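Working through the structure, step by step
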Amino acid sequence: MRFIGCKTLLLDNIKEVIDEKAPDAKVFCDIFSGTATVARYFKKWYEVYSNDLLYFSYVLQRGTVQNDDIPLFKKLRNEKGIEDPIDYFNNLSDIEMQVIPQEKRFFQNTYAPTGGRMYLKDDNALRIDFARITVEEWYQNELINDDEYYYLIACIVEGIPFVSNISGTYGAFHKEWERRSHKKYEVYRLEVYHNGKNNKCFNEDGVELLKRVNGDILYIDPPYNGRQYLPNYHVLETAAKYDYPEVRGVTAQRPYENNKSDFCLKTKVINAFDELINNASFKHIILSYSTDGLMSVEDIEHIMKKYGKPDTFKIYWIPYRRYKSRAQGDKEQLKEMLVYIEK
């Protein structure tokens, strides 16, 4: 999934730091989980706790991290004759999906040309509506359990970016149809790694959650800049909740006043980071951050040394792109950094 700050390319780097500094660790916590890429990856080796303030992120985690196997859907098969719900959704004809009343089709009525917007083609929006409404009905009728419910919603959400008419986020849609938007939407079959451990997922403020959880490794990947995440991923949030929100503006934003992160606010980020490190009951802390973030390297070092063992503090520099400074005309280098300290 395309996501601001996704750490797919840094997974090996993070593992190298852990192997060097915490070879005997057993519990790994991904406190700002996003797409759950990091949590899924480290589930191979550790009992994993993951968390995010965004509900669609929680759904992705709950479906693939807390779930320790792909669900079997036994009751759905016995009572509805549906062997594989993902195949069922992906093989439906357009005519079969017309049973959904027009007034219930939130995605088609809001994010597609039917609703005057171009995030999705009408037929793809209807496929999402059908799948999401059907899963909710199955759940309410107790045809699927919690594990099955969250797995299916995660698979529905995961498939949306593959057909979305956007540049990378849902802050705006293109005025012409991009190539990917013409593809047929499909519920995406997610893999689930089995580790046999008591993995847990949360949908909370990470600073507060750290007052109640503890372990060996705390991985921190907070927002770097002033862009709040929900306005950029509001379509995925609505797919996860399917709560028929009152949207506003050309881009159909859902309300997000209660989902603002202090890590995106210059006036609050230092205090938020200080409190987070203070609350952390983890021996090994690894922060992923960028040199163009709201916190300076000096801010980070001061706070981490304030609560950790100063002589264990270490920065691992990872150059990730070059850009040309418009003001100076010279080449500068932005860097991703992994920062370690022992608490």
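This write-up is about the structure you can find in this document.

What counts and what doesn't
- Residues numbered from 1 in each chain as written.
- Predicted model: local features only at pLDDT ≥ 70, side-chain atom pairs only at ≥ 80, totals over all residues.
- Heavy atoms only, no water.
- 1 Å grid on protein atoms, 1.4 Å probe; cavity = no way out; pocket = protein on both sides within 12 Å on 5 of 7 lines; lining within 4 Å.
- Points joined across faces, edges and corners; volume = space filled by probe spheres on them.
- Helix = DSSP H or I, 4+ residues; strand = E, 2+ residues; numbered from the N terminus.
- Nonpolar A, V, L, I, M, F, W, Y, C, P; charged D, E, K, R; others polar.
- Buried < 20%, exposed > 50% of the residue type's maximum accessible area, 1.4 Å probe, protein only.
- Polar contact = N/O pair within 3.5 Å; in protein donor to acceptor, adjacent residues only side chain to side chain.
- Pairing = 2+ DSSP bridges.
- Right-handed = clockwise from strand over helix to strand, strands pointing away.
- Phe/Tyr/Trp six-rings, centres within 6.5 Å; stacked < 30°, edge-to-face > 60°.
- Lys NZ or Arg CZ within 6 Å of the ring centre and 35° of its normal.
- Core = buried A, V, L, I, M, F, W, Y, C linked by side-chain atoms within 4.5 Å.
- Contact = heavy atoms within 4.5 Å.
- Axes fitted to C-alpha atoms, helices over the stretch in contact; angles between N-to-C directions.
- Parallel < 35°, antiparallel > 145°, perpendicular 65-115°, else oblique.
- Left-handed = near helix turned anticlockwise from the far one by under 90°.

**Regarding the layout of surface pockets**
- The computed volume of the second largest pocket comes to approximately 170 Å³.
- Along its surface, the second largest pocket is lined by Thr37, Arg40, Tyr41, Lys44, Thr64, Leu190, Glu191, Val192 and Tyr193.
- With three residues, the single largest contributor to the lining of the second largest pocket is helix H2 (residues 37–42).
- Taken together, the residues that form the lining of the second largest pocket break down as four nonpolar, two polar and three charged.

**Overview of the side chain of Ser290**
- Topologically, Ser290 is positioned in strand E5 (residues 281–290).
- Using a relative accessible area of 0% as the deciding quantity, one classes Ser290 as buried.
- Engagement of the side chain of Ser290 in a polar contact is seen with the side chain of Asp292, the distance being 2.3 Å.

**Topic: the pairing of strand E1 (residues 27–30)**
- Neither face of E1 is left uncovered, since the one carrying Val27 and Cys29 and the one carrying Phe28 and Asp30 both have all their residues buried.
- Sheet topology note: the E1/strand E2 (residues 47–51) ladder contains four bridges and is parallel. Paired with Val27 across the two strands is Glu47, which belongs to E2.
- One crossover worth recording links E1 to the parallel E2 by way of H2, and it is right-handed.
- Pairing geometry for E1 and strand E4 (residues 214–220), over three bridges, is parallel. Its bridge partner lying in E4, Phe28 is registered against Ile217.

**Examining the packing of aromatic side chains**
- By the definition in use, this model includes 27 aromatic pairs.
- Following the ring pairs from residue to residue traces out a cluster consisting of Phe106, Phe107, Tyr111, Tyr119, Tyr170, Phe173, Tyr242 and Tyr244.
- Over the aromatic face of Trp45 sits the side chain of Lys15, whose NZ or CZ is 4.5 Å from the ring centroid.

**Notes on the nonpolar core**
- Core analysis: the largest hydrophobic core is formed by 62 residues, its most contacted members being Phe107, Leu120, Val135, Trp138 and Ile160.
- For this core, the secondary-structure elements that each account for two or more residues are helix H3 (55–66), helix H5 (85–90), helix H7 (106–111), helix H8 (122–140), helix H9 (146–159), helix H11 (229–232) and helix H12 (234–241).
- Considering each element in turn, this core owes the most residues, nine residues, to H9.
- Once you skip the residues sitting within four places of it in the chain, Val135 turns out to touch Phe89, Ile144, Tyr149, Leu152, Ile153 and Ile156.

**Observations regarding the packing of H3 against H9**
- At their nearest, the axes of H3 and H9 sit 8 Å apart, and the two run at 120° to each other. Relative to H9, the element H3 is oriented oblique. Judged by the twist between their axes, the crossing of H3 over H9 is left-handed. Between H3 and H9, the residues in contact are Tyr55, Phe56, Tyr58, Val59, Leu60, Arg62 and Gly63 and Asp146, Asp147, Tyr150, Tyr151, Ile153, Ala154, Val157 and Glu158, respectively.

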